[in-house]
Amino acid sequence: MCGIVGYVGSRRAQPILLKGLKRLEYRGYDSAGIAMFTDSGLMVTKCAGKISCLEQLLTGDPADSTHGIAHTRWATHGEPTELNAHPHADEKGEIALVHNGIIENYRTLKEFLLQKGYHIRTETDTEMLVHLIRFNYKGCLTEAVRNALAQVDGTYGIAVMSSMHPGVVVAARMGSPLVIGLGDGEHLVASDVSAMLEHTNKVVYLEDGEIATVTADDYRITTIQNVQITPQIEEVTWTLDQIEKGGYDHFMLKEIHEQPTTLRNAIRGRLNFEEGIPRLNGLNLQYDQLRKIQKVIFTACGTSWHAGLIGKYMIEELARVAVDVEYASEFRYRSPILGKNDIFFAISQSGETTDTLAAMREAKQRGVTVLGIVNVVGSTMARETDGGVYIHAGPEIGVASTKAFTSQVMVLSLIAGLLGRMRQLSPQAGQELIEAMQKIPDQVEKILKSSDQVKKIAEQYYRANNFLYLGRGINYPVALEGALKLKEISYIHAEGYPAAEMKHGPIALIDENMPVVVIALKDPVYDKVMSNIAEVKARNGNVIAIATEGDTEIAERVNHVIYIPETNRFLTPLLSIIPLQLMAYHIAVMRECHVDQPRNLAKSVTVE
Ligand code: AGP
């Protein structure tokens, strides 16, 4: 959740660290800090609040240093205060450390350290780690880190520096991602590659249990048991313009508008029109293995879980294979029943979400094939799965997921089409699906042109305290996702419901102050949804309908209609979600909320 960046080289470290930190701000943004190596020892500057506050503190103090570490925090233990912000230093101020993760046995460590005479100053778990390193220090920083980590239970990505070791950063990973960037006469360490793209695209991903000793000219990786590792250098394909706003006011708006492109990327090279069979070689499964699948299990969190739910509707109907969709955090503690012909998919934008990773590892341990539907290339999930499909959405910086969601759904439709063709779908039906998929990016482009209309509707309702989102069938998960988008970035209470469930409870909430967003497309449940709309209208609710182009009848029955083009009914979520993303965005802007970095949230949830 937090962002770590470290630099060691010959250039001034401070601007490099601050810029890197800003690139990572989406990971956590409640407090920030930096430690620099200077002639007079370690200089640590911290503040509560965003990186801009840290910058203000630093302007009058341009430390001429080529070696430092920095951190942007998402608080777990201890409030987001200056004191609790990272880096944490030992009592002599000679060792400084930044940490992402949770030290689970910090209470035991605290008792131990207090007994040894250390003074604990903060409410954080992290502080124990820096004292522990000091306690283990006998002249070698790497050894001190190694011995300290041997006493630690929990998760960490850390970067450590010491005034006793100028030009050295020691980094270690257990559960929280860390990557080393390889430059010319300089090296970086960061939680993800976006912090280093300006300087290099050559990286080495640290694995769990590895420690790296990094200097300007060299880096050495060993395991926590001190076994030397031969690093695997990888090339990052993301570009700098992909992680910049490119003229948009917010990353979220940019990412919403990128969807025609990202959807094209999701299907590029994967559509086989002749046979009507999607090509997904990364699954590493032969056709006869696909035919034997008994059950598909999707595990994910948040928006990715909503995508999985849409996948269930697609796969069960197109391929007649049973699909379970599990919250990752529930899966691992539930003792789920898994068969040897079941296939487990982890769905994740970041590929780092702790709950999803843990569920995935649990499934792996139980011997089922574990696949990934992941965005971030080189992420932990991408590396630990037996195969999978990259969604190719490019970097998603806005905390509220938009383009990753549609790309996940597109990939799930490819999987559904493939499984369908292996089982019961005719070549013609497969071809029709593929043809419809190919039209989706242009159709999304068309819907994006309705942004001003959506904005006008948003103007009428942005002061509401509650919203209800209704959908049925495959558009029920879209209602959930629309509600999640709104609550995440505008802090309006919003609930998604299967339209017919409304009368079993939520209908009590409906009055003239309750905007109700209904996805009412021309599909097999259209008439049923129209009845649900009538129930809302009969109670003075205001209905905003997402409807199929050409449906003029609906306009007379609701307060507002936003039209989307017609497509294959299994692909409708790819279109119906677009106005809901736009609506959440416009409402959040009108409420003056921090769209890209909503309160209390972080992009990549790497704690349990
Ligand atoms: C989406 O808008 C959310 N920020 C959140 O629900 C997110 O989808 C969830 O944390 C899962 O993340 P992942 O896809 O990176 O695993």
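Residues numbered from 1 in each chain as written. Predicted model: local features only at pLDDT ≥ 70, side-chain atom pairs only at ≥ 80, totals over all residues. Heavy atoms only, no water.

Asker: Go over the environment of A555 with me, naming the residues and quoting the values.
Answerer: Of note, A555 is situated in the loop between β26 (542-548) and β27 (560-564). The partly exposed category is assigned to A555, whose relative accessible area is 39%. Along the chain, A555 and G185 lie 370 residues apart, while their C-alpha atoms are 65 Å from each other. Ignoring any residue separated from it by four or fewer positions in sequence, one finds A555 in contact with V561 and Y563. (Helix = DSSP H or I, 4+ residues; strand = E, 2+ residues; numbered from the N terminus. Buried < 20%, exposed > 50% of the residue type's maximum accessible area, 1.4 Å probe, protein only. Contact = heavy atoms within 4.5 Å.)

Asker: Break down the domain arrangement of the chain for me, citing the residues and quoting the values.
Answerer: Domain boundaries assigned for the chain yield domain 1 (3-236), domain 2 (241-440) and domain 3 (450-601). Here domain 1 packs against domain 2, burying approximately 980 Å² in sum over the two surfaces, 50% of which is carbon and sulfur. Contact with domain 2 buries area across many residues of domain 1, yet R23, Y26 and Y205 alone supply 42% of it, more than any other trio. Across the domain 1-domain 2 interface, the total number found is three salt bridges. Ionic pairing is found between E207 and R383, a salt bridge with its closest N-O pair at 2.5 Å. Summed over the shared surface of domain 1 and domain 2, the result is four residue pairs in polar contact (both at pLDDT 80 or more). Its residues assigned to classes, the side of domain 1 that touches domain 2 shows six nonpolar, one polar and four charged. (Domains from an automatic or database assignment. Buried area = accessible area lost by both parts, 1.4 Å probe. Salt bridge = Lys/Arg side-chain N within 4 Å of Asp/Glu carboxyl O. Polar contact = N/O pair within 3.5 Å; in protein donor to acceptor, adjacent residues only side chain to side chain. Nonpolar A, V, L, I, M, F, W, Y, C, P; charged D, E, K, R; others polar.)

Asker: Give a description of the site of the ligand that names residues and reports values.
Answerer: Around the ligand sit 14 residues, and of these S304, S348, Q349, S350 and T353 come closest. A distance of 2.7 Å separates an oxygen atom of the ligand from a polar backbone atom of Q349. Within the side chain of S350, a nitrogen or oxygen atom sits 2.7 Å from an oxygen atom of the ligand. In the complex, the protein chains occlude 91% of the 420 Å² of accessible area that the ligand would expose alone. Counting only elements with at least two residues in the shell around the ligand, the list comes to α9 (302-319) and α16 (476-490). (Near = heavy atom within 4 Å. Areas by Shrake-Rupley, 256 points an atom, 1.4 Å probe, with all protein chains shown as cover.)

Asker: Give a detailed account of the environment of L425, specifying residues and quantitative values.
Answerer: Within the secondary structure, L425 sits in the loop between α13 (403-423) and α14 (427-448). Along the primary structure L425 and E317 are separated by 108 residues, whereas in three dimensions their C-alpha atoms are 9.9 Å apart. The residues contacting L425, other than those within four sequence positions of it, are L318, G417, G420 and G430.

Asker: Which residues make up the side chain of R173, and what values go with them?
Answerer: Relative to the helices and strands, R173 resides in strand β8 (residues 169-174). Discounting chain neighbours no more than four positions away, the residues touching R173 are Y156, G157, L178, L206, E207, D208, G209, E210, T380 and R383.

Asker: Before we move on, could you go through the nonpolar core and cite the residues and values that matter?
Answerer: Membership of the largest hydrophobic core comes to 97 residues, with the highest contact counts inside it found for F298, F467 and Y469. The element contributing the most residues to this core is α13, with 12 residues. Built from parts of two domains, this core gets at least three residues from each of domain 2 (241-440) and domain 3 (450-601). Other than its neighbours up to four places away in sequence, Y469 contacts A479, G482, A483, L486, A494, E495, G496, Y497, V517, L580 and M583. In terms of nonpolar packing, the next biggest core, distinct from the first, is built from 33 residues, M36, L54, A195 and W238 among them. (Core = buried A, V, L, I, M, F, W, Y, C linked by side-chain atoms within 4.5 Å.)

Asker: Quick one: what's the story with the packing of helix α15 (residues 451-461) against helix α18 (residues 572-590), residue by residue and with numbers?
Answerer: The description of two helices packed together rests on the angle between their axes and the distance between the axes. Two elements in contact, α15 and α18, have axes whose closest approach is 9 Å; the angle formed by their N-to-C orientations is 50°. Classified by the angle their axes make, α15 and α18 are oblique. In the crossing of α15 with α18, the sense of the turn from one axis to the other is right-handed. Of the residues in α18, those in contact with S451, V454, K455, I457, A458 and E459 of α15 are P579, L582, M583, H586, I587 and M590. Of the residues assigned to the contact of α15 with α18, the class counts are eight nonpolar, two polar and two charged. (Axes fitted to C-alpha atoms, helices over the stretch in contact; angles between N-to-C directions. Parallel < 35°, antiparallel > 145°, perpendicular 65-115°, else oblique. Left-handed = near helix turned anticlockwise from the far one by under 90°.)

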